Amino acid sequence: LTENQKITELYTFMLAGFDSTGYTLSSTLILLAKHPEVQRKLQRELLTMEPVERSKSKYLKCVINESMRLLPVAATASYRKASRDFTFPDEGGGEIVIPKNAVVLMPFYV
């Protein structure tokens, strides 16, 4: 890896580790508020369980995983340098050219 690539990767690791628990919790609560049927189903399941067992809820795990899928913590991107010219067709019948050595932003989440 080049020095620039190392710095980019370090930035990604730092961002991913920064407040990820709080972000995941808040995004899960926001999504539950937007989907009251899921909130009710989760509440019903959790109320049938002993408090010490609630963290083992399969539905709770599914809800949190779906929240992380929809709103990932570090939904940024990776920067890469094109190793050669790339040509792609565009919707209008033309072409999009990414020249060799161009820096390309590749989003993780689209």
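In this text the structure is predicted, and so the values were computed from the model without any measurement.

Description of the environment of Ile64
Examined against the element boundaries, Ile64 turns out to sit in helix H4 (residues 58–70). Considered as a pair, Ile64 and Leu29 are 35 residues apart in the sequence and their alpha carbons are 9.4 Å apart. Filtering out sequence-adjacent residues up to four positions away, Ile64 remains in contact with Thr24 and Thr28.

Notes on the pattern of salt bridges
Scanning the model with the defined rule gives three salt bridges in all. In this structure, Glu9 engages Arg80 in a salt bridge whose closest nitrogen and oxygen atoms are separated by 3.5 Å. Here Arg80 lies in strand E1 (residues 77–81) and Glu9 lies in helix H1 (residues 3–17), a separation of 71 residues in the sequence. We classify Arg80 as partly exposed; its relative accessible area is 34%. Here Arg69 makes a salt bridge to Glu66, at a shortest N to O gap of 2.7 Å. Within this pair, Arg69 and its partner Glu66 are both found in helix H4, separated by three residues, close to a single helical turn.

Things to note about the side chain of Ser67
Following the sequence through the fold, Ser67 ends up in helix H4. We classify Ser67 as buried; its relative accessible area is 2%. Once residues within four sequence positions are removed from consideration, Ser67 is found in contact with Thr24, Ser27, Thr28 and Leu31.

So, unusual backbone geometry
Excluding glycine, residues mostly carry a negative phi; peptide bonds, for their part, are mostly trans. Backbone geometry at Asn101 places phi at a positive 75°, although glycine is not the residue there. Mapped onto the elements of the fold, Asn101 is located in the loop between strand E3 (95–98) and strand E4 (103–107). A residue is classified by how much of its surface remains accessible, and Asn101, at 47% relative accessible area, is partly exposed.

Some points on the side chain of Ser27
If you trace the backbone, Ser27 turns up in helix H2 (residues 20–34). Take Ser27: its relative accessible area is 4%, and that puts it in the buried class. In contact with Ser27, not counting residues within four places along its chain, are Ser67 and Leu71.

Details of the environment of Val104
Take Val104: it is sitting in strand E4. Residues Val104 and Ala82, 22 residues apart in the sequence, show an inter-C-alpha distance of 6.9 Å.

Some points on the nonpolar core
Listed in full, the five residues of the largest apolar core are Leu32, Leu42, Leu46, Tyr59 and Val63. If we ignore the near neighbours within four places in the chain, the residues touching Tyr59 are Val38, Lys41, Leu42 and Glu45.

A few points about the confidence of the model for the chain
Looking at the chain as a whole, the pLDDT averages 87, with 89% of positions reaching at least 70. Model confidence for the chain, summarised as mean pLDDT per element, is weakest for H1 at 76 and strongest for helix H3 (residues 36–47) at 98.

Criteria and thresholds
- Residues numbered from 1 in each chain as written.
- Predicted model: local features only at pLDDT ≥ 70, side-chain atom pairs only at ≥ 80, totals over all residues.
- Heavy atoms only, no water.
- Helix = DSSP H or I, 4+ residues; strand = E, 2+ residues; numbered from the N terminus.
- Contact = heavy atoms within 4.5 Å.
- Salt bridge = Lys/Arg side-chain N within 4 Å of Asp/Glu carboxyl O.
- Buried < 20%, exposed > 50% of the residue type's maximum accessible area, 1.4 Å probe, protein only.
- Core = buried A, V, L, I, M, F, W, Y, C linked by side-chain atoms within 4.5 Å.
- pLDDT = per-residue confidence, 0-100.

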